[in-house]
Amino acid sequence: MDNPVTPRAAGRGPRRRDRHGRGMRGPIAPPQVPLAASRAEVFADLVQDSVERLERRWPQLADIDFLVMEVPRLDGPGQVWNDEAVPLGGTVPARDGRPARVVVYRRPVEIRTKGRDERAALVHEVVVEQVADLLGLTPETVDPRYGED
């Protein structure tokens with residue numbers, strides 16, 4: 001062996017290309033196709049669709065903020081997890097000039113559903129239940145088709 005291969009110097013910096021010489025690849029799909037949307041964006045769209053469906057019947061929902069959070073939080077030093085079910089949504093009443101809020105928790109809902117249609121139905125149920133709680137009504141009053149599945 002006349003030409004031994006010398007090892008690469010350790011401090012030369014990061015590799016600029018992958019080992020096949022192709023470099024970084026672009027996105028899998030263009031941004032305008034549904035495949036490019038993240039799961040969080042798709043979930044937020046499901047919540048928005050449900051809210052729009054209810055706003056036709058209840059125009060006062062325009063004054064309520066609808067939020068999507070990944071998971072429920074523990075807000076107090078004395079609060080701990082217990083054996084009760086993880087909540088799928090929650091409400092925050094209006095106070096100090098802030099509008100009332102309805103929160104839907106994405107991960108607990110996703111874990112309980114298998115497909116997009118089932119997820120959309122559960123999201124709508126959660127939104128209806130939280131709006132009913134906030135308005136002091138029954139879910140059947142907020143959406144007459146509540147529970148029909």
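Along each chain, residues carry numbers from 1 onward, in the same order as the chain's sequence is written. Totals for whole chains, interfaces and linings use every residue, but because this is a predicted model, local features are given only for residues with pLDDT of at least 70 and side-chain atom pairs only at 80 or more, for both listing and counting. To get the side-chain values, all heavy atoms of the structure are used, and hydrogens and water are removed first.

Take the overall build of the protein next. Along the protein, the regular secondary structure elements total 4 helices and 3 strands. Taking all 149 residues of the protein together, 26% fall into the buried category. To measure how exposed things are, a 1.4 Å probe is used in the Shrake-Rupley method; for residues, cover is taken only from the protein chains shown. If you sum the accessible surface of the protein, you get close to 11300 Å²; carbon and sulfur atoms cover 51% of it. A run of H or I in DSSP counts as a helix once it spans at least four residues, and a run of E counts as a strand once it spans at least two, with each numbered from the N terminus. Burial classes: relative accessible area under 20% of the type maximum marks a residue as buried, over 50% as exposed, and values in between as partly exposed (1.4 Å probe, protein chains only).

Let's shift gears to helix α1 (residues 39-55). One less than the residue count of a helix, multiplied by 1.5 Å, gives the span that helix is expected to have. A rise of 1.5 Å per residue sets the reference length of α1, with its 17 residues, at 24 Å; its end C-alpha atoms lie 24 Å apart and thus fit the reference within 8%. The set of residues buried in α1 consists of F43, L46, V47, S50, V51 and L54. Across the axial projection of α1, the buried residues extend over an arc of 130°, all falling on one side. The contact definition used throughout considers only heavy atoms, calling two residues in contact when any of these lie within 4.5 Å. Where α1 is buried, its residues contact β1 (65-69), β3 (101-105), α2 (106-111), α3 (116-135) and α4 (139-142). Regarding the arc, it is the one traced by the directions from the helix axis to the C-beta atoms.

The next subject is the sheet that holds β3. Sheets are built from strands paired through backbone hydrogen bonds, the pairs being either parallel or antiparallel. In spatial order, the strands read β1-β3-β2; together these 3 strands make up an open sheet with mixed pairing. With one partner strand each, in any of the chains shown, β1 and β2 (89-92) form the two edges of the open sheet. Looking at each pair of strands side by side, their axes are set apart by 20° on average, direction ignored. When DSSP finds two or more bridges between two strands, those strands count as paired. In this sheet, β3 lies alongside β2 in antiparallel orientation, the contact comprising 4 bridges. Note on β3: the bridge partner recorded for V92 is R101. Against the sheet, α3 contacts β1, β2 and β3, and its axis sits at roughly 25° relative to β2. As a rule, the C-alpha atoms of each element are fitted with a line to give its axis, helices using only the stretch in contact, and angles between N-to-C directions run from 0 to 180 degrees.

The predicted model of the protein averages 82 in pLDDT, with 70% of residues at 70 or higher. In predicted models, pLDDT denotes the confidence assigned by the predictor to each residue on a 0 to 100 scale. Of all the helices and strands in the protein, β2 carries the lowest mean pLDDT, 92, while β3 carries the highest, 96.

The next point concerns the pattern of salt bridges. Oppositely charged side chains are able to pair whenever their charged atoms sit close together. For this analysis, a salt bridge means a side-chain nitrogen from Lys or Arg found within 4 Å of a carboxyl oxygen belonging to Asp or Glu. This model, assessed by the stated rule, comprises 4 salt bridges. Residues E70 and R106 are paired through a salt bridge, measuring 2.6 Å at the closest nitrogen-oxygen approach. Residue E70 is found in the loop between β1 and β2, and its partner R106 is found in helix α2; the two are separated by 36 residues along the sequence. Its relative accessible area of 39% is what places E70 among the partly exposed residues. Among the salt bridges present, the one from R106 reaches E110, with a minimum N-O distance of 2.9 Å. Of this pair, R106 and E110 both sit in helix α2, separated by 4 residues, roughly a single helical turn. Judged by relative accessible area, E110 falls into the buried class, the value being 9%.

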